[in-house]
Each structure stands twice: as C-alpha cells, then as structure tokens.
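Fold and geometry: a report
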Amino acid sequence: AKDTTCGHWEMAGVIMERPFQTYPNGFPKELISEFERKIGRGTLGNCVASGTVIIQQLGDEHVRTGKPIIYTSADSVFQIAAHEQVIPLADLYAMCETARAMLVGDNLVGRVIARPFEGTCRKDFRRTPRRHDYSLLPPGRTMLNYLSAAGKDVIAVGKINDIFAGSGITKSFPTSGNADGQQRLLNLVTTDFDGLAFINLVDFDMLYGHRRDIDGYAEAASSFDKTLGHLLPMLRSEDLFIITADHGCDPAYTRTTDHTREYVPFLLYGKEVTPDTALGTIDGFGAVAATICSYLGVASALCGTDVWPDIRL
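First, a word on scope: everything that follows refers to the structure included in this document. (Residues numbered from 1 in each chain as written. Predicted model: local features only at pLDDT ≥ 70, side-chain atom pairs only at ≥ 80, totals over all residues. Heavy atoms only, no water.)

This paragraph deals with helix 10 (residues 287-295). Judged by how many residues are buried, helix 10 sits mostly within the fold: 8 of 9 residues are covered. Structurally, helix 10 contributes buried residues whose contacts are with helix 1 (4-11), helix 5 (143-149), strand 9 (195-199), strand 10 (240-244), strand 11 (266-270) and helix 11 (308-311). Two residues or fewer past helix 10, Gly297 is found with a positive phi of approximately 70°. (Buried < 20%, exposed > 50% of the residue type's maximum accessible area, 1.4 Å probe, protein only. Helix = DSSP H or I, 4+ residues; strand = E, 2+ residues; numbered from the N terminus. Contact = heavy atoms within 4.5 Å.)

Time to look at the pairing of strand 1 (residues 44-48). As defined by bridge partners, strand 1 adjoins strand 2 (residues 69-72) across 4 bridges and the pair is classed as parallel. Counterpart to Val48 in the pairing with strand 2 is Thr72. The β-α-β motif built from strand 1, the intervening helix 3 (residues 51-65) and the parallel element strand 2 has right-handed crossover chirality. (Pairing = 2+ DSSP bridges. Right-handed = clockwise from strand over helix to strand, strands pointing away.)

The nonpolar side chains of soluble globular proteins are, as a tendency, buried together. Counting residues in each nonpolar core, the largest one holds 34 residues, and the members touching the most others are Met143, Leu144, Leu147, Phe164 and Phe198. Looking at this core, the elements with two or more residues in it are helix 1, helix 5, strand 7 (153-157), helix 6 (160-163), strand 9, strand 11, helix 10 and helix 11. In terms of residue count, helix 10 provides more of this core than any other element does, 6 residues in total. Those residues in contact with Met143 that lie beyond four places of it in its chain are Met11, Ala12, Leu196, Phe198, Ala289, Ile292, Cys293 and Leu302. Phe27, Ile70, Phe78 and Met102 belong to the second-largest nonpolar core, a separate cluster that totals 21 residues. (Core = buried A, V, L, I, M, F, W, Y, C linked by side-chain atoms within 4.5 Å.)

With 4 of its 5 residues buried, strand 7 lies for the most part within the structure. The sheet contact formed by strand 7 and strand 9 spans 5 bridges and is parallel. Opposite Ala156, over in strand 9, you have Phe198 as the bridge partner. Of the pairings in the sheet, the one linking strand 7 to strand 8 (residues 171-173) comprises 3 bridges and is parallel in character. The partner of Ile155 across the bridge, within strand 8, is Lys171.

In this section: the pattern of salt bridges. Taken as a whole and assessed by the stated rule, the structure comprises 9 salt bridges. Close ionic contact of Arg130 with Glu84 constitutes a salt bridge, the shortest N to O distance being 2.8 Å. Taken together, the residues Arg130 in the loop between strand 5 (126-127) and strand 6 (132-135) and Glu84 in the loop between strand 3 (77-83) and helix 4 (89-102) connect sequence positions 46 residues apart. The partner of Arg126 in a salt bridge is Glu118, with the nearest N and O atoms 3.4 Å apart. On the basis of relative accessibility, which here comes to 27%, the residue Glu118 falls in the partly exposed class. (Salt bridge = Lys/Arg side-chain N within 4 Å of Asp/Glu carboxyl O.)

In the contact formed by helix 7 (residues 178-189) and helix 9 (residues 214-231), the axes pass within 11 Å of each other and the chain directions differ by 10°. Between helix 7 and helix 9, the crossing angle belongs to the class labelled roughly parallel. Residue-level contacts link Asn178, Gln182, Leu185, Leu186 and Val189 of helix 7 to Ala220, Ser223, Phe224, Thr227, His230 and Leu231 of helix 9. Looking at the contact of helix 7 with helix 9, its residues break down into 6 nonpolar, 5 polar and no charged. (Axes fitted to C-alpha atoms, helices over the stretch in contact; angles between N-to-C directions. Parallel < 35°, antiparallel > 145°, perpendicular 65-115°, else oblique. Nonpolar A, V, L, I, M, F, W, Y, C, P; charged D, E, K, R; others polar.)

As a further point, take the state of the cysteines. Under the counting rule described, the total for this entry stands at 0 disulfides. In this structure Cys249 is not part of a disulfide, and its nearest cysteine sulfur, from Cys6, lies 15 Å away. (Disulfide = S-S within 2.5 Å.)

Mapped onto the fold, Leu89 is located in helix 4. Residues Leu89 and Arg115, spaced 26 residues apart in sequence, show a C-alpha to C-alpha distance of 9.6 Å. For Leu89, the contacting residues outside a window of four places in its chain are Glu84, Pro116 and Arg130.

In this section: helix 7. Taking 1.5 Å per residue, 12 residues should reach 16 Å; helix 7 reaches 17 Å between its end C-alpha atoms and fits that length. Those residues of helix 7 that sit buried are Asn178, Gly181, Gln182, Leu185, Leu186, Leu188 and Val189. Looking straight down helix 7, one finds that the buried residues subtend no more than 165° of arc, so they occupy a single side. Of the surrounding elements, those touching the buried residues of helix 7 are strand 7, strand 9, helix 8 (203-209), helix 9 and strand 10. (Expected span 1.5 Å × (residues − 1). Arc of directions from axis to C-beta.)

Under the criterion given, the structure shown has 8 aromatic pairs. Geometrically, the ring pair formed by Phe164 and Phe198 is tilted, given 6.0 Å between the ring centres and 50° between the ring planes. With Phe164 in the loop between helix 6 and strand 8 and Phe198 in strand 9, the pair connects residues that are 34 residues apart, well separated along the chain. Between Phe204 and Tyr217, the ring centres sit 5.4 Å apart and the planes meet at 55°, which makes this aromatic pair tilted. With Phe204 in helix 8 and Tyr217 in helix 9, this pair connects stretches of sequence that are 13 residues apart. Taken together, the ring pairs in this structure connect Tyr23, Phe27, Phe35 and Phe78 into an aromatic cluster. (Phe/Tyr/Trp six-rings, centres within 6.5 Å; stacked < 30°, edge-to-face > 60°.)

Rendered as structure tokens:
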C-alpha cells in the first residue's frame, strides 16, 4: 500500500494484512444507488478523477442541481465534493458519515473524504481548507494507544486525528495547511508535555505532490527549512525530533497524479542522538513507532526495528 491511512498506521506500528478496496472504474451502481437513497438526492461523477479537475468539470452542474460530486483515485478513497453555499458543511459531513457506515465488508474503503469548495463558476472554483477525513479504526493497537495507556500525552496536529479515528489521541489540533501546522509545531516546542506530538504537513501531498507542482513543492520545502532554522535551537535536552513521510508523492512524475512508490526519509535529531550516523535502508515504517516507544520507555508489541540503541550517545 502507498496511501495515507496504511502509511500512517504502519508508521504507528500496525501493518495492514487485508488490502482496502480500490475502484478504478468507479463504485458499483448498487452502492451508489443505496447511497443516493440514504442521502435523499442524486449524485454526479462516480469516476476516478483529480479533485481540482473534477470540480471544474462538474462544479457548474453541481451548483445547478445540488447533487454532490462523487469520485475516487488510485487509493482507497470515497470523496464527496460540494460547494459550501450549495451543500452546507454540516450536511456534507453527514453525507460522509453515511458513506463511512456503508463502506465496510466487501466494500472496505480506507477513507471517506469531505471536499468542500467555493467560487462562482468553473473558472474560479477552489477547494477550501475545511476538508475532513473519515477513517476506520486501525486494525490493532498503535503506538498512540500504547503511549496514552502509559499516561503519556499524544498530541495530534493536522489530519492525524482523522487518520486514526481519534484512537489513542489525548489532544487534537486541526490545521488549515502547512503554515498553520508549522506554527503549531513551533508552539509545541515551547509547551511542556510528556509524550508525542504527531504532526502532518498536508500541503506537500495535497497541494503540490498530487498537483505535480514542482515550484510549489520547492517553496513549501524552503518554508519548512526556515521553520527548522527556528525550531532546532529551541529543542531541549530531552527532546527527540523526527522527520519522515507516509508515502511518496513525486511532483515530477507526470504519468499519473497519484502517490508514487519510493523510499521515504527517516531523520532523527536530538541532544542525545549520535551525529552523522547512517542507518542505511530500514525495512518498514514501523521503525518510527518502535523507536519512539523505546525512547519514551513504553513497552509495546509493535512491528518495526527499534533504532534507538544504535543512535543514542
């Protein structure tokens, strides 16, 4: 798998044994018919599409008819796009909850995603930051569960709370994008807590990776570098800072706009970390969970290689 849900769950120490369903030809007609019956209106789309493209193609018809736009991708997602002035957010979220309850069993889908947008016509339709993801509970205990059960803080920033359906999380801060997430990161560095702050910077994926926007991706990386310039000197002796990713999303790969399959970084920094230590290629994202639990002194039965003994001073 190479999607958000599977990547984050594995990063938290749980590997998916059963794949989520994908729908390269759209969702079954009987499923869509039942969904339409439950929400009391018809739908548009039901195809594999780019989110920004499909609202340009079907947005005007959606505004005229009030029918939500349904689409998917190479990942296991059921996405519902709606103009905020046509279908209010509360109603869009309720539709997503309806779909979430339906997409189990033989139609096991990883995420249902609300995709609100705004604008006056196809020329200026644009997605808003009020996206909301509806995930399943992970299929086993994650590092979040082990940490919170041990009395540790588990602080979720960005879409982390959605990805884990709130399981094992003690405090959550939704964000509107990278800038908001980076500011929350800086705030947390000066906040006293005992445990984990788990932060997702969504714009690398949503705005620049999927859109194959190389310049935008580079600007986002530069902005994050500047944030690191402020953050690293602020870290205290007991802090461990990790940078990694849940999957690839190469902005230079143009055959599709889907996630790409590649290695991800695993960078660790702290006063207690041996500098200039090359870990080589590690098999599996579970190394993140195993290392964090080891560092915090919390016993777990998670998958993954604990690298803390190899890098500690």
